[in-house]
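Chains, contacts and geometry: an overview
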Amino acid sequence: MLLGVLLSGPLFEGLDQQARADTLGISTVFVAGSTGNTGRRVVQQLRAAGFNVRAGVRDIRKAQSLGFALDSGIEIIEADVTKDVGTLANAIGDADAVICATGYGGLNPFGVGSVDETGTMRLVDAAKARRVKEFVLLSSLLTNAEAVGQKDNPNYKFLQLFGGVLSHKLAAEKYLRKSGLQYTIVRPGGLSSEPPSAVGQLITSGEDSLFGLDTDPGRAISRDTVAEVLVAALRQPAAANRVVEIVASPTAPSLPEDQWFAKAT
């Protein structure tokens, strides 16, 4: 079904936002985790916005099955964040920016850190070696829960059962923030594969302000919306060196893109 979207959707339509990308000096973006449920949407959003993409994937055949090879603006690159920094730097190549949309998908809880922590750290080091202009990291709500009085939050406790994933993601966040790279960290709520029309409009907030609670303005968010925010981070000056937390709600008003990072901290 996604192949049909790629062929008929904005992926191959006029790329009228290229001028904005040129203004910021970013024309090619390396995406780690390009065939994941969110990563593939990031690739599509990047192409719709006029960026060329180096699609970092572990499985080239999977990328081809998604239609990536049909677009001359997408270069499929074999890349695994568990590999060494030099290999990852070669994968990044001449990209001007990196979007990291990786996440451990295996069943061994002891493998989480190899992707969500040390894997991201290696990618940061590779990006530094290539002197990229921006690094956008897809993280999660509640990574910093213990430091802000949320260690007993049931959502935090549940997610931590999966190999301490939030602790690994927090370590990666801290590493990026100290790296010297210009960065944006995007922390979404529960990821839904439903379209925004079913999940709701984007709600943005500052660091450590959303906790997945019933009292929050929203808890879930469409992966499509998450991808839009990750790409917008490359275009919006207010996103530089900021952390933004995002959820969605059917009752939320529509928010213009130039306000998406207004509350980022």
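Residues numbered from 1 in each chain as written. Predicted model: local features only at pLDDT ≥ 70, side-chain atom pairs only at ≥ 80, totals over all residues. Heavy atoms only, no water.

The strand order across the open sheet built from eight strands is β3-β2-β1-β4-β5-β6-β10-β8, with neighbouring strands paired in mixed fashion. The outermost strands of the open sheet, each flanked by one partner alone, are β3 (74–78) and β8 (201–205). The sheet shows a mean angle of 20° between the axes of neighbouring strands, direction not considered. Bridge analysis of strand β6 (residues 183–188) against strand β10 (residues 242–249) gives five bridges, and the strand direction is parallel. Of the residues in β10, the one forming a bridge with Arg187 is Glu245. (Pairing = 2+ DSSP bridges. Helix = DSSP H or I, 4+ residues; strand = E, 2+ residues; numbered from the N terminus. Axes fitted to C-alpha atoms, helices over the stretch in contact; angles between N-to-C directions.)

Another point: the pairing of β10. For β10, the buried fraction is high: seven of the eight residues fall into the buried class. As paired strands, β8 and β10 are joined by five bridges and run antiparallel to one another. Pairing of Gln201 across the sheet is with Ser249, part of β10. (Buried < 20%, exposed > 50% of the residue type's maximum accessible area, 1.4 Å probe, protein only.)

Now for helix α3 (residues 39–48). Most of α3 sits out of view: nine of its 10 residues are buried. By the burial criterion, the buried members of α3 are Gly39, Arg40, Arg41, Val42, Val43, Gln44, Leu46, Arg47 and Ala48. In the segment just after α3, Gly50 is the residue with positive phi, at about 100°.

Bringing the packing of helix α7 (residues 118–130) against helix α9 (residues 165–177) into the picture now. Relative orientation of the contacting elements α7 and α9 amounts to 15°, with a least axis distance of 9 Å. Considering their axes alone, α7 and α9 lie roughly parallel with respect to each other. α9 is crossed by α7, and the crossing has right-handed handedness. Contacts from Thr120, Met121, Val124 and Asp125 in α7 reach Ala171, Ala172, Tyr175 and Leu176 in α9. By residue class, the composition of the contact of α7 with α9 is six nonpolar, one polar and one charged. (Parallel < 35°, antiparallel > 145°, perpendicular 65-115°, else oblique. Left-handed = near helix turned anticlockwise from the far one by under 90°. Contact = heavy atoms within 4.5 Å. Nonpolar A, V, L, I, M, F, W, Y, C, P; charged D, E, K, R; others polar.)

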